[in-house]
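Next come the chains, spelled out residue by residue.
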Amino acid sequence: MKMPTVKYQRGDMVMGRWPGSSLYYEVKVLGFDAKSQLYTVIYKDGTELELKEQDIKSASGFQTRSRSRSRSRSPGRRRSRSRSPARTTRRSSSRTAAALAAAALTESAPSSRRDANPKDVLEVRLTPLQPTKAAENNSNNKYEKKEEKQKEENNTANKVNEKSEAKAEAEPEKNQGRYNLRRRKDEGDARPVEAQPEQQEKDAKLAAAPAASPATPLDFGGKLGAYFWLLFLPAWVLFLVLQVNVDDPSLVNFPPPLPPLEAFWDAQALGFVVLWILFQALLYILPVGKWSEGMPLRSGERLRYRTNGFFAIVVSSVAVAAAVHQGLDLTYIHSHFLQLATASFLISVLLSVYLYVRSLYAAPEQLALGGNSGNLAYDFFKGHELNPRIKDFDLKFFCEMRPGLIGWCLINFAMALAEMKLQNLDAPSHSMILVNLFQLLYVVDGLWNEEAILTTMDLMHDGFGFMLAFGDLVWVPFTYTLQAYYLVSHPNPLSLPALAAILTLKLVGFYIFRKSNSEKNAFRRNPSDPQLSYLESIPTATGKSLLVSGWWGVVRHPNYLGDLLMALAWSLPCGFSHLLPWYYMIYFIILLVHRDSRDMSECRRKYGSAWDEYCRTVRYRIIPSVY
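Cut-offs and rules
Residues numbered from 1 in each chain as written. Predicted model: local features only at pLDDT ≥ 70, side-chain atom pairs only at ≥ 80, totals over all residues. Heavy atoms only, no water. Helix = DSSP H or I, 4+ residues; strand = E, 2+ residues; numbered from the N terminus. Buried < 20%, exposed > 50% of the residue type's maximum accessible area, 1.4 Å probe, protein only. Contact = heavy atoms within 4.5 Å. Areas by Shrake-Rupley, 256 points an atom, 1.4 Å probe, with all protein chains shown as cover. 1 Å grid on protein atoms, 1.4 Å probe; cavity = no way out; pocket = protein on both sides within 12 Å on 5 of 7 lines; lining within 4 Å. Points joined across faces, edges and corners; volume = space filled by probe spheres on them. Nonpolar A, V, L, I, M, F, W, Y, C, P; charged D, E, K, R; others polar. Salt bridge = Lys/Arg side-chain N within 4 Å of Asp/Glu carboxyl O. Core = buried A, V, L, I, M, F, W, Y, C linked by side-chain atoms within 4.5 Å. Axes fitted to C-alpha atoms, helices over the stretch in contact; angles between N-to-C directions. Parallel < 35°, antiparallel > 145°, perpendicular 65-115°, else oblique. Pairing = 2+ DSSP bridges. Phe/Tyr/Trp six-rings, centres within 6.5 Å; stacked < 30°, edge-to-face > 60°. Lys NZ or Arg CZ within 6 Å of the ring centre and 35° of its normal. Lys, Arg positive; Asp, Glu negative; His and termini not counted. Polar contact = N/O pair within 3.5 Å; in protein donor to acceptor, adjacent residues only side chain to side chain.

Student: Sorry, what's going on with the overall build of the chain here?
Tutor: Along its length, the chain carries 22 helices and eleven strands. Looking at the 627 residues of the chain, the share that counts as buried comes to 50%. Long-range contacts, defined here as pairs at least 24 residues apart, represent 73% of the contacts in the chain between residues at least 6 apart. Summed over all atoms, the accessible surface of the chain reaches about 30200 Å², with 59% contributed by carbon and sulfur.

Structure below.
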């Protein structure tokens, strides 16, 4: 494979075009990313950006072109046609543009406001390309009067510039700009932009980019991969559901023969699933619990969410207990597992179709960048709209946390009752109790800390389409329950030392998972919180900071480490006779490694050299000294 030619080398001093403008500034090349074909450059004030090769010119060639242009136009006329980098959305009269350009060329930087007032033009100081001496001397009598007039305007602009500089020194962090610029830690104030929530919200509104380019790298194998996953995921769930019923449930066995078509359908099962979803929707909209704000969107808006998940699982538990007391036979879930999975799959498909159709009428700023490829299959799979809502009812947030997650616990409880019934037991086995308690703790913890999900990749970046709809309504409740389903027909007695060891492993994993997630969530919301002063971080050019202490200084994804330890504790009670109950552990390793690779490529693109420094500081990804 032929390696791409790198035109500019690390350390070269070149001229870089400021994004959204025609102005060039002297920059230093820090590196080149062969995958994204972008150069990381640093301006004289410490601002780092990633530029395409066509936005970079050699310093010598640029000077030559500058001299040739200066011979044909007077400096005053050339300046009068230039525009401030910040004024990308509105064209001023030539006189006003000349004044603003003169102010911008006096060591100014692009402002964050699209309709910038003259006093707000300067926010970051850059060193622009100065006119050559030849250009300054090449004037003619035809434009002498205009130049005198231009000088008067420049003087006025310089006064405005001085006021702006004084204001910038007094408020160095105000209006970081559309590109969220900041200085390096060793060259200025390193306080994260997110230190003040009010300022963060204001900056996010200024950074609104409804016309942002959808050219985001495609995940999951791209467009062809979308077709594969649309077919493979339902088929894999079907294989697991059929395999767990056979006497020798092994992942390495050939798929069992398909049952007749009528075995997939049961109207009562469909009604049960629909009733469960409507019941959870009712609990979601009840005026119970607090309203929580999500992270700022590209439009600058912060969506509000009703976070009452713990209330929902408590009420659901009481309702299920009352129904069982009244004679409801929950073992129906075990005996009709395939039909329930089919009904949930049908609902997820109908929901996905609705989500895609409504996304066609959504505003551009409401679309997910990662699901806006233009290919129907890929956008349908990945999710076209970021946060589809029916008034205040957030469809993605609801499906992510309610019917499937709480349904997971309901199915586990039904499997415990089925084990007692089929094995003629007075109480569930120790293995079944451990699986139920461990997974119940995991779900209850997630619902108790429901607000933390608002800072996750699913809520912030991924659109709501088939991938999440199928995952929330089918994948979670019908594959995460395989350990409990397996134990119904394949009991596995545990000794007291084994019980103690498994319990200890679960508690250690849960502590790491919860502690690291709490640190991340708190830091993302308010990095300047005094309670987080013990945490160290690396500032980036985007205004965000990367944690390099606490659990996040041990590995790059300590929450993944805790998750894996808990997954191991869920599988151990099933023993080692078959591979199928270890499916979740295997799947989770693949999932987390893939997600880590997605994080790596995205963060390297966003943070550039700061990410390289972070990787040198925190060497291991998930498992210390191993991976």
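Student: How should I be thinking about empty space enclosed by the protein in this particular structure?
Tutor: Which parts of space are left empty comes out when a probe the size of a water molecule is rolled across the atoms. Taken as a whole, this structure holds four cavities of 30 Å³ or more when the rule is applied. In this model, the largest cavity occupies a volume close to 210 Å³. Taken together, 15 residues make up the lining of the largest cavity; nearest its centre are Val273, Trp276, Ser344, Ile411 and Phe478. With five residues, the single largest contributor to the lining of the largest cavity is helix α14 (residues 403-423). Taken together, the residues of the lining of the largest cavity sort by class into twelve nonpolar, three polar and no charged.

Student: What should I look at first to understand the pattern of salt bridges in this one?
Tutor: Side chains bearing opposite charge may pair, as long as their charged atoms lie close to each other. On inspection of all chains with the given rule, the structure shows ten salt bridges. The closest approach of N and O atoms between Lys290 and Glu451, which form a salt bridge, is 3.3 Å. In this pair, Lys290 is assigned in strand β6 (residues 290-293) and Glu451 in the loop between α15 (430-448) and α16 (457-460), connecting sequence segments 161 residues apart. Given a relative accessible area of 47%, Lys290 falls into the partly exposed group. In this structure Glu451 comes out as partly exposed when scored by relative accessible area, which is 26%.

Student: I tried to follow the nonpolar core on my own but got confused; where do I start?
Tutor: For soluble globular proteins, nonpolar side chains are generally found buried alongside one another. Counting 108 residues, the largest nonpolar core has Phe397, Trp408, Met415, Phe464, Trp475 and Tyr584 as its most contacted members. With 13 residues, the next largest nonpolar core counts Tyr25, Val27, Val29 and Leu49 among its residues.

Student: What is the right way to look at the packing of helix α20 (residues 558-571) against helix α21 (residues 583-607) in this model?
Tutor: The relative placement of two packed helices is expressed as an angle between their axes plus a distance between the axes. Between α20 and α21, whose axes approach to 9 Å, the crossing angle comes to 170°. Accordingly, the angle class assigned to the pair α20 and α21 is roughly antiparallel. Where α20 abuts α21, its residues Tyr560, Asp563, Leu564, Ala567, Leu568, Trp570 and Ser571 lie against Tyr584, Met585, Phe588, Ile589, Leu592, Arg595, Asp596 and Asp599. Split into classes, the residues belonging to the contact of α20 with α21 amount to ten nonpolar, one polar and four charged.

Student: What exactly am I supposed to notice about the sheet that holds strand β1 (residues 13-17) here?
Tutor: Within a beta sheet, neighbouring strands are joined by backbone hydrogen bonds and run either parallel or antiparallel to one another. Read across the sheet, five strands follow the order β4-β3-β2-β1-β5 without closing on themselves; strand pairing throughout is antiparallel. Single-partner strands in this sheet number two, and they are β4 (48-51) and β5 (56-58). Taking the axes of each pair of neighbouring strands and ignoring which way they run, one obtains an average angle of 45° across the sheet. Inspection of the sheet shows strand β3 (residues 38-43) paired to β4 by four bridges, in the antiparallel sense. In the sheet register, Tyr39 faces β4, and the bridge partner there is Leu51.

Student: Just checking my understanding: could you explain the packing of aromatic side chains for this structure?
Tutor: Within a pair of aromatic rings, the relevant descriptors are the distance that separates the centres and the angle that separates the planes. Enumeration over the complete set of coordinates arrives at 40 aromatic pairs. Ring centres of Phe232 and Trp236 lie 5.9 Å apart, and the angle between their planes is 20°; this geometry places the pair in the stacked category. You can see Phe232 and its partner Trp236 sitting in helix α7 (residues 222-243), four residues apart, about one turn around the helix. Taking relative accessible area as the criterion, Trp236 reaches 22% and is therefore assigned partly exposed. Centroid distance Tyr442 to Phe513: 5.6 Å. Interplanar angle 35°. Geometry classified as tilted. Of this pair, Tyr442 sits in helix α15 while Phe513 sits in helix α19 (residues 496-525); the two residues are 71 residues apart in sequence, bridging distant segments of the chain. The same class applies to Tyr442 as to Phe513, namely buried. Here Arg389 stacks its cationic end above the ring of Tyr305, 4.8 Å away from the centre of that ring.

Student: I would appreciate a short explanation of the pairing of β3 in the present structure.
Tutor: In the case of a regular strand, side chains alternate between the two sheet surfaces. The element β3 is largely enclosed, with a buried count of six among its six residues. Residues Leu38, Thr40 and Ile42 line one face of β3 and the alternating positions Tyr39, Val41 and Tyr43 line the opposite face, and both faces are buried. Sheet topology places strand β2 (residues 24-33) next to β3; six bridges connect them, and they run antiparallel. Of the residues in β3, the one forming a bridge with Asp33 is Leu38. Where β2 folds back on β3, the antiparallel hairpin that results is connected by four residues, among which Gln37 adopts a positive phi of roughly 60°.

Student: Can you walk me through unusual backbone geometry in this structure?
Tutor: Outside of glycine, negative phi angles account for most residues, and trans bonds account for most peptide bonds. Look at Lys391: it is not a glycine, yet its phi comes out positive at around 60°. Topologically, Lys391 is positioned in the loop between β8 (389-390) and β9 (393-394). A positive phi angle, near 55°, is found at Asn424, a position not held by glycine. Mapped onto the fold, Asn424 is located in the loop between α14 and α15.

Student: Sorry if this is basic, but what is going on with the environment of Val508 here?
Tutor: Tracing the sequence through the fold places Val508 in helix α19. Counting along the chain gives 58 residues from Val508 to Met566, while the straight-line C-alpha distance between them is 8.2 Å.

Student: Sorry, what's going on with the environment of Val444 here?
Tutor: Along the chain, the position of Val444 falls in helix α15. On the basis of relative accessible area, Val444 is assigned to the partly exposed category, the value being 23%. Distance from Val444 to Val314, taken between C-alpha atoms, is 9.3 Å for residues 130 residues apart in sequence. Contact partners of Val444, with chain neighbours within four places excluded, come to Phe310 and Ile313.

Student: Whenever I open this one, the side chain of Arg306 confuses me. Can you help?
Tutor: Among the structural elements, Arg306 can be located in strand β7 (residues 304-307). One buried charged side chain, Arg306, makes no salt bridge at all; its nearest oppositely charged neighbour is Asp392, positioned 7.8 Å away. At 2.9 Å, the side chain of Arg306 forms a polar contact with the backbone oxygen of Gly289. Apart from the residues lying within four places of it in its own chain, the contact partners of Arg306 are Tyr284, Leu286, Pro287, Val288, Gly289, Lys290, Trp291, Phe397 and Arg402.

Limitation: the analysis is restricted to geometry and does not speak to function.
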